[in-house]
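# Structure assessment
Residue-level listing of the chains:
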Protein chains: 2
Amino acid sequence: MCVASSHRSPTLPPSVPKHNWKRCAPIPIVLDAKRGDIGATAEQYAREAFERYGAHAVTVNPYMGYDSVAPYLAWRERGVIVLCRTSNPGSAELQCLDNDGEPLYLRVAESVARDWNSHNQCALVVGATYPKELAAVRARVGDALPLLVPGIGAQGGDISATVAAGRNRAGTGMMINSSRAILYAHNENGDDWREAAAQAARATRDAINAARG
Amino acid sequence: MCVASSHRSPTLPPSVPKHNWKRCAPIPIVLDAKRGDIGATAEQYAREAFERYGAHAVTVNPYMGYDSVAPYLAWRERGVIVLCRTSNPGSAELQCLDNDGEPLYLRVAESVARDWNSHNQCALVVGATYPKELAAVRARVGDALPLLVPGIGAQGGDISATVAAGRNRAGTGMMINSSRAILYAHNENGDDWREAAAQAARATRDAINAARG
């Protein structure tokens, strides 16, 4: 997966050719913009993500409700990945508040699976750093939704626990993301960035596949 | 107030000189970016808002919790305006979910007033389209926080009800925002944009001051 991260890329030596996106065509491009705004603005952000940047999917924040997400859903061939239980240390503050006996993040998962996903284009962001909650989300949505799972790599989430908690019955259904551990795998000079990033990406892929058993 | 809206500006005739931001210096610039991301990314978004764009304040989304907002708060001379009860039609879906007897948006208001505002740099976004909830937020936070209030103008919020519900004991404490009603006040040709926008802005200001009584 090509992740267009909101982090700045490391500075590359001037000899590095610009990336040829056509070579990347069969690989899904996720714009991790975490958008959340009123409908008129969301319409323009959707055009930015899908037209200007050519992303196949975009991440969105659910706090403003369905009408702030609907303009992305109107692009029926594109993916809309909704923040649910994020990987950062303070994410419980709102996401785990109790709502009629269950945490807010499960209410978000339920709304997306039941109401927002009527054209099978949604997924949920659930962090690898909270494998119990990852399992709770998978149990709640069944096999209906793929999960985008950040938090391995630089954030320290365990790959085996992540795969066990988040996979669907077919042993798939997850996009497990690593950004910084690959982007910044290079040495201090940055002159080995190509090999170092490739090696980190392959090692991550192999560890995920080994955990799938 | 200069609001750097996320809407696209109307196309201006080529004869219009570029805006001289120095003339705008005493006017606060709010970047309505509604950011919400993990700490390492938020640090860069904060630099973007405050260094690159020179904004005095930025809007942020609370869904990811305190550590996603802390990098903005580290800029002690800048404002951090947290989404609380937004003006859009579907905002109740999450924001009004019941949490131990009170809606989520009041929990957000409470967290910001009690914990996030330790350096008196926070404000809350509360829409003019929900004046009862605007009054509830003001009652909860007292005079501690200013409120950024969108929803008059194109979104139809009532100015008198808004001022009555949201003002503090001094009759101030609100930034009442209008974007589209001013940006798009011009005629079909756009050739009267300067006078039309100025007239709409003055009329809005006068209506707000009249409501303050």
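The written sequence of each chain sets the order in which its residues are numbered from 1. For this description, chains carry letters from A and ligands carry numbers from 1, given in the order in which they are written. Note on the predicted model: pLDDT of at least 70 is required for a residue's local features to be given, and 80 or more for side-chain atom pairs to be given and counted; whole-chain, interface and lining totals, by contrast, use all residues. With hydrogens and water excluded, all non-hydrogen atoms of the structure serve as input to the side-chain values.

## Side note on the packing of helix H5 (residues 131–141) of chain A against helix H6 (residues 159–166) of chain A
Residue and element names in this part refer to chain A. To be explicit about the condition: Angles shown run from 0 to 180 degrees and are taken between the N-to-C directions of axes, each axis being a line fitted to C-alpha atoms and, for helices, limited to the stretch in contact. Under the scheme used here, helices are H or I runs from DSSP no shorter than 4 residues and strands are E runs no shorter than 2 residues, and both carry numbers assigned from the N terminus. We call two directions roughly parallel when the angle between them is under 35 degrees, roughly antiparallel when it is over 145, roughly perpendicular when it lies between 65 and 115, and oblique otherwise. Handedness of a crossing is defined here by the sense of rotation of the near helix relative to the far one, left-handed for an anticlockwise turn of less than a right angle and right-handed for a clockwise turn. Contacts were defined at the residue level, with two residues in contact if any of their heavy atoms lie within 4.5 Å. Think of it as three bins: nonpolar holds Ala, Val, Leu, Ile, Met, Phe, Trp, Tyr, Cys and Pro, charged holds Asp, Glu, Lys and Arg, and polar takes everything else, Gly as well.
At a minimum axis separation of 8 Å, H5 and H6 run at an interaxial angle of 20 degrees. What the angle tells us is that H5 and H6 run roughly parallel. Here H5 runs over H6; the crossing is right-handed. Here Pro131, Leu134, Ala135 and Arg138 of H5 lie close against H6, whose contacting residues are Ala161, Thr162, Ala165 and Gly166. Class assignment for the residues of the contact of H5 with H6 results in five nonpolar, two polar and one charged.

## Describing the pairing of strand E3 (residues 57–60) of chain A
Residue and element names in this part refer to chain A. Quick reminder of the rule: Three exposure classes are used, based on accessible area relative to the maximum for each residue type with a 1.4 Å probe and protein chains only: buried under 20%, partly exposed in between, and exposed over 50%. A pair of strands counts as paired when DSSP detects no fewer than two bridges linking them. Look down the strands so they point away from you; if the path from the first strand over the helix to the second goes clockwise, the crossover is right-handed.
Neither face of E3 is open: one carries Ala57 and Thr59, the other Val58 and Val60, and all of them are buried. Here three bridges tie strand E2 (residues 29–35) to E3, and the two strands are oriented parallel to one another. Paired with Arg35 across the two strands is Val60, which belongs to E3. Crossover E2 to E3 through helix H1 (residues 39–52) is right-handed. Direction of pairing for E3 relative to strand E4 (residues 79–85): parallel, over a ladder of four bridges. Within E4, the residue paired with Val58 across the bridge is Val80.

## Remarks on the relation of the copies chain B and chain A
Put simply, the second copy of the chain is the first one after a rotation about an axis and a shift along it. For clarity, the threshold we go by: Our superposition of the copies is a least-squares fit, built on the C-alpha atoms of residues whose pLDDT is at least 70 in both.
Take chain B, turn it by 180 degrees, move it 0.0 Å along the axis, and it overlays chain A with an RMSD of 0.0 Å. Expressed as an axis order, the relation between the two copies is that of a two-fold axis. Among all residues of chain B, the one whose C-alpha sits closest to the rotation axis is Asn99(B), at a distance of 2.6 Å.

## As for the interface of chain B and chain A
Rules: Take the accessible area each of two parts loses on contact, using a 1.4 Å probe, and add the two losses: that sum is the buried area. For salt bridges, the criterion is a side-chain nitrogen of Lys or Arg within 4 Å of an Asp or Glu carboxyl oxygen. By the criterion applied in these results, polar contacts are pairs of N or O atoms within 3.5 Å in which, for protein atoms, one can donate a hydrogen and the other can accept it, and in which residues neighboring in sequence qualify only through two side-chain atoms.
Between chain B and chain A, the residue contacts involve 45 residues of the former and 45 residues of the latter. Of the roughly 3700 Å² buried between chain B and chain A on both sides combined, carbon and sulfur atoms contribute 50%. Remark: the boundary between chain B and chain A carries two salt bridges. In this structure, Asp37(A) engages Lys34(B) in a salt bridge whose closest nitrogen and oxygen atoms are separated by 2.9 Å. On the surface where chain B and chain A come into contact, there are 18 residue pairs in polar contact (both at pLDDT 80 or more). Residue assignment for the side of chain B that touches chain A shows that the elements contributing at least two residues are strand E2 (29–35), helix H1 (39–52), strand E4 (79–85), helix H3 (92–95), strand E5 (98–99) and helix H4 (104–116) of chain B. Here the side of chain B that touches chain A takes six residues from H4(B), the largest share from any one element. The class makeup of the residues in the side of chain B that touches chain A is 17 nonpolar, 16 polar and twelve charged.

## Some details on the layout of surface pockets
All names here are of chain B. The cut-off we apply is this: Cavities and pockets were defined on a 1 Å grid built over protein atoms only: a cavity is a set of grid points that admits a 1.4 Å probe from which the probe cannot escape, a pocket is an open set flanked by protein on both sides within 12 Å along at least five of seven lines, and lining residues are those with an atom within 4 Å of any such point. Grid points are joined across faces, edges and corners, and a volume is the space filled by probe spheres set on the points.
Empty space within the second largest pocket amounts to approximately 180 Å³. If you trace the second largest pocket, you find 14 residues lining it, with Ala57, Ile81, Ala123, Pro146 and Met175 closest to the centre. Going through the elements one at a time, E2, E4 and strand E7 (122–126) are the ones with two or more residues in the lining of the second largest pocket. When residues in the lining of the second largest pocket are grouped by element, the largest group, three residues, is from E4. Among the residues making up the lining of the second largest pocket, the classes are represented as ten nonpolar, four polar and no charged.

## A few points about the confidence of the model for chain A
All names here are of chain A. The criterion, for reference: pLDDT is defined as a per-residue confidence score from the predictor, taking values between 0 and 100.
Chain-level statistics for chain A give a pLDDT mean of 89 and a share of 88% at 70 or above. Note that pLDDT drops below 50 for residues 1–22; the model gives that stretch 40 contacts with residues more than four away or on any other chain. As a predicted assembly, this complex carries a pTM of 0.88 together with an ipTM value of 0.87.

## Digging into a negative patch on the surface
What counts, and what does not: Think of a patch as exposed residues, more than 30% relative accessible area, with no salt bridge, where like charges cluster within 9 Å and nonpolar side chains (Val, Leu, Ile, Met, Phe, Trp, Tyr) cluster within 5 Å. Each accessible area is a Shrake-Rupley estimate made with a 1.4 Å probe; only the visible protein chains count as cover when residues are assessed. In this count, Lys and Arg are taken as positive residues and Asp and Glu as negative ones, while His and the chain termini are left out. By convention, charge coordinates are those of NZ in Lys, CZ in Arg, CG in Asp, or CD in Glu.
Together, Asp98(A), Asp100(A), Asp98(B) and Asp100(B) line one region of the surface with negative charge. With respect to the helices and strands, Asp98(A) occurs in strand E5 (residues 98–99).

## A few points about the side chain of Asn88(A)
Along the chain, Asn88(A) turns up in the loop between E4 and helix H3 (92–95). The class of Asn88(A) is buried, set by a relative accessible area of 1%. Polar side-chain contacts of Asn88(A) include one of 2.8 Å to the backbone oxygen of Met64(B). In this view, Asn88(A) contacts Tyr130(A), Gln155(A), Ile38(B), Met64(B) and Asp67(B); residues no more than four positions away in its chain are not counted.

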